[in-house]
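# Coordinate inspection notes
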2 protein chains.
Amino acid sequence: MEIIEDQLVQTEESCITSVNYISDALYVLGGKWKLVIIFTLVESPKRFGELQKVLKGIGPKMLAKDLRELELNEFVVRRVYEGKPEKVVYEATPYSKSLSKVLSELKDWGMKHREKIKQSMRKVS
Amino acid sequence: MEIIEDQLVQTEESCITSVNYISDALYVLGGKWKLVIIFTLVESPKRFGELQKVLKGIGPKMLAKDLRELELNEFVVRRVYEGKPEKVVYEATPYSKSLSKVLSELKDWGMKHREKIKQSMRKVS
DNA sequence: CCGTATCCGTCATGATACTG
DNA sequence: CAGTATCATGACGGATACGG
């Protein structure tokens, strides 16, 4: 019995380690918008207003807050170009690009998920 | 000018579509615990108490709520085995397993991220 | 052991108005 | 255009007690 317990603890340990990695990731990437912001900025740099348009539904406060946090964690660079009206552009860093696999897997899964939802809606109706 | 606008709208459109897929995914998987719960259950089915132990820090209320939602969205099956003390086991469905790529990419990224954090802490000290 | 019920505090999110 | 200020709401989280 105790031996079995030990084995369980072992397997649980490695599982817990993996869980910690995922929790770490979610700690910096968590929330409703951060991953989406990173995704759109990896596609191309964008201005504040453009981001608001692409991320339908986000308010300026949340967007500003998330951008600040993403800048702190080095996912995003805020560049200011002086000029008549000065231009502010947000740009994804190489570190953001290290997330591209995660993002593309998530996007693929999201596509399949949407298909599944559509089908179950057909069944209901 | 209007033609350029149209082109921008085109590129934005495809970007927005991808954004929607990711938002869809985050809608069902979002929050602090859902992905972690799915991950541990994909490794092996677990009981309520075991989950509480593995996910250090989650309270019974949150765990119950997330498990209920995951059951609704068909990520998890709740199985009850009758017996002296009846046993309740939560099990990942095949649909959860369709997330395995997302999860392993996220885990890998989390590992690298932890390394990066460690290094930047060394630099500071 | 498996949860539910309750209370309560904190934080994330949102809507809107407003300033440089 | 880029963001801040303000206010409101709900999600999340912790503690504890309780019932099946």
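Scroll up for the structure.
Report follows, based on the coordinates. (Residues numbered from 1 in each chain as written. Chains lettered and ligands numbered in written order. Predicted model: local features only at pLDDT ≥ 70, side-chain atom pairs only at ≥ 80, totals over all residues. Heavy atoms only, no water.)

Next up on the list: unusual backbone geometry. Positive phi outside glycine occurs at A:Glu74, with the angle close to 65 degrees. With a relative accessible area of 47%, A:Glu74 lands in the partly exposed category. (Buried < 20%, exposed > 50% of the residue type's maximum accessible area, 1.4 Å probe, protein only.)

Along any regular strand the residues' side chains alternate between the sheet's two faces. Residue and element names in this part refer to chain A. Sheet topology note: the strand 1 (residues 46–47)/strand 3 (residues 87–92) ladder contains 2 bridges and is antiparallel. Within the sheet, the bridge partner assigned to lysine 46 lies in strand 3 and is tyrosine 90. Note that strand 2 (residues 76–81) and strand 3 share 6 bridges and pair antiparallel. When the sheet's bridge partners are listed, valine 77 is paired in strand 3 with glutamate 91. If you look at the hairpin formed by strand 2 and strand 3, you'll find 5 residues sitting between the two strands. (Pairing = 2+ DSSP bridges. Helix = DSSP H or I, 4+ residues; strand = E, 2+ residues; numbered from the N terminus.)

Time to look at the nonpolar core. Membership of the largest hydrophobic core comes to 66 residues, with the highest contact counts inside it found for A:Leu55, A:Phe75, A:Trp109, B:Leu29, B:Leu55, B:Phe75 and B:Trp109. Among residues more than four places away in sequence, those in contact with B:Leu55 are A:Val19, B:Trp33, B:Val36, B:Ile37, B:Thr40 and B:Leu63. (Core = buried A, V, L, I, M, F, W, Y, C linked by side-chain atoms within 4.5 Å. Contact = heavy atoms within 4.5 Å.)

This part covers the packing of aromatic side chains. Summed over the entire model, instances satisfying the criterion amount to 6 aromatic pairs over all chains. Aromatic side chains A:Tyr95 and B:Trp109 sit 5.7 Å apart centroid to centroid with 40 degrees between the ring planes, which places their arrangement in the tilted category. With one member in each of two chains, A:Tyr95 in helix 5 (residues 94–97) and B:Trp109 in helix 6 (residues 100–124) form a pair that bridges those chains. With a relative accessible area of 17%, A:Tyr95 lands in the buried category. Note that A:Lys116 overlies the ring of B:Tyr95, its terminal NZ or CZ placed 3.8 Å from the centroid. (Phe/Tyr/Trp six-rings, centres within 6.5 Å; stacked < 30°, edge-to-face > 60°. Lys NZ or Arg CZ within 6 Å of the ring centre and 35° of its normal.)

So, on to the protein's contact with DNA strand C. Near DNA strand C lie 18 residues; those nearest to it are A:Lys32, A:Lys61, B:Arg47, B:Arg78 and B:Tyr90. Protein-proximal atoms of DNA strand C, defined as those within 4 Å of the protein, fall in sugar or phosphate at a share of 58%. A:Lys32 places a polar side-chain atom, nitrogen or oxygen, 2.3 Å from a phosphate oxygen of DNA strand C. In this structure, B:Arg78 approaches DNA strand C through a side-chain N or O atom, which is 2.4 Å from a phosphate oxygen. Broken down by secondary-structure element, the contributors of at least two residues to the surface near DNA strand C are helix 4 (60–72) of chain A together with helix 3 (48–54), helix 4 (60–72) and strand 2 (87–92) of chain B. Its residues assigned to classes, the surface near DNA strand C comprises 8 nonpolar, 3 polar and 7 charged. (Near = heavy atom within 4 Å. Polar contact = N/O pair within 3.5 Å; in protein donor to acceptor, adjacent residues only side chain to side chain. Nonpolar A, V, L, I, M, F, W, Y, C, P; charged D, E, K, R; others polar.)

None of the figures reported here should be taken as evidence of function without further support.
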